[in-house]
Amino acid sequence: MNERILAFLRELRTHNNREWFQANKERFDRIRLGFIDETQELINRIALFDPDIAGVEAKNCLFRIYRDIRFSPDKTPYKCHFAAYISRGGRASERAGYYIHLEPDGCLLSGGVWCPPPALLKKLRRDIYDRMDEFVDILEEPAFRQVYPELEGETLRRMPAGYPTDTPHGDILKHKDFCVVSRKPDTYFLAKDWAQKTADDFRLLLPFNRFLNETVDDFLYGG
């Protein structure tokens, strides 16, 4: 299935217009259903080590292929990737979760919290600051760091207000997102055991996501 997904996306990259997409809509629908099934299989594997994921439905985790072009100078109507965010609450969840992204020459796995609203970002920074040694230990655990080398995302130029400029590991607090990424070759997702390999890589994210979700759940639900 992933081979068909990537082949479709390569063609879409060349023919990113409504005429081509409508002519290939039935093909897209079949591929999308296959991706839903594969994502559900992956969810079931993740739930074996992360009970928070039990009961999550793949259809609620998939992102639409249609781009929002209202305020974008790029008017191509379709995304050239398939993606799903696996978390309690689905793709719109603010909780740390597991992200899978299939794109020709741009495949990746990711986890953590991306683009939190300002109030949540402020609380995440404070809790990370208060438990910095624990957070750094998670990031620097050898098996984790081999797959997820560093925090990614946008950062501030200066230390956020309220924190000493000489804070140990202060660069962490400059982040606007707290997420990590593992970039993969296309061949990773073409292997017969890709789902188990992905689940194994996602298992490494569990301490990272749990740390962040303590803050997120406190912010959202008060504990």
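Definitions and limits used
- Residues numbered from 1 in each chain as written.
- Predicted model: local features only at pLDDT ≥ 70, side-chain atom pairs only at ≥ 80, totals over all residues.
- Heavy atoms only, no water.
- Axes fitted to C-alpha atoms, helices over the stretch in contact; angles between N-to-C directions.
- Helix = DSSP H or I, 4+ residues; strand = E, 2+ residues; numbered from the N terminus.
- Parallel < 35°, antiparallel > 145°, perpendicular 65-115°, else oblique.
- Left-handed = near helix turned anticlockwise from the far one by under 90°.
- Contact = heavy atoms within 4.5 Å.
- Nonpolar A, V, L, I, M, F, W, Y, C, P; charged D, E, K, R; others polar.
- Pairing = 2+ DSSP bridges.

Looking at an unreviewed UniProt entry, one finds the protein chain named DUF2461 domain-containing protein, with Candidatus Parabacteroides intestinigallinarum as its source organism.

### Re the packing of helix H4 (residues 118–130) against helix H9 (residues 206–221)
Relative orientation of the contacting elements H4 and H9 amounts to 130 degrees, with a least axis distance of 10 Å. Compared by their axis directions, H4 and H9 come out oblique. In terms of crossing hand, the pair formed by H4 and H9 is right-handed. Only Phe-211, Leu-212, Thr-215, Val-216, Asp-218 and Phe-219 of H9 make contact with H4, whose side of the interface consists of Ala-119, Leu-120, Lys-123, Leu-124, Asp-127 and Ile-128. Here the contact of H4 with H9 is built from residues that sort into eight nonpolar, one polar and three charged.

### Quick word on the sheet that holds strand S5 (residues 178–184)
One open sheet holds the five strands; their spatial order is S1-S2-S3-S5-S4, and the pairing between them is antiparallel. If you trace the sheet from one side to the other, it starts and ends with strand S1 (82–86) and strand S4 (151–152), each paired once. Note: S4 against S5, two bridges, orientation antiparallel. Looking at S5, one finds that Glu-152 is bridged to Cys-179. Running at roughly 30 degrees to S1, helix H3 (residues 25–46) makes contact with S1 and strand S2 (97–102) of the sheet.

### Thoughts on the packing of helix H5 (residues 132–140) against H9
In a packed pair of helices, the relevant descriptors are the angle between the two axes and the axis-to-axis distance. Following both chains from N to C, one finds H5 and H9 inclined at 155 degrees, their axes separated by 9 Å at the closest point. In terms of axis orientation, H5 runs roughly antiparallel to H9. Considering how the two elements wind past one another, H5 and H9 form a crossing that is left-handed. For the pair formed by H5 and H9, the contact residues are Glu-134, Phe-135, Ile-138 and Leu-139 on the first element and Pro-207, Phe-208, Phe-211 and Leu-212 on the second. Residues belonging to the contact of H5 with H9 are distributed by class as follows: seven nonpolar, no polar and one charged.

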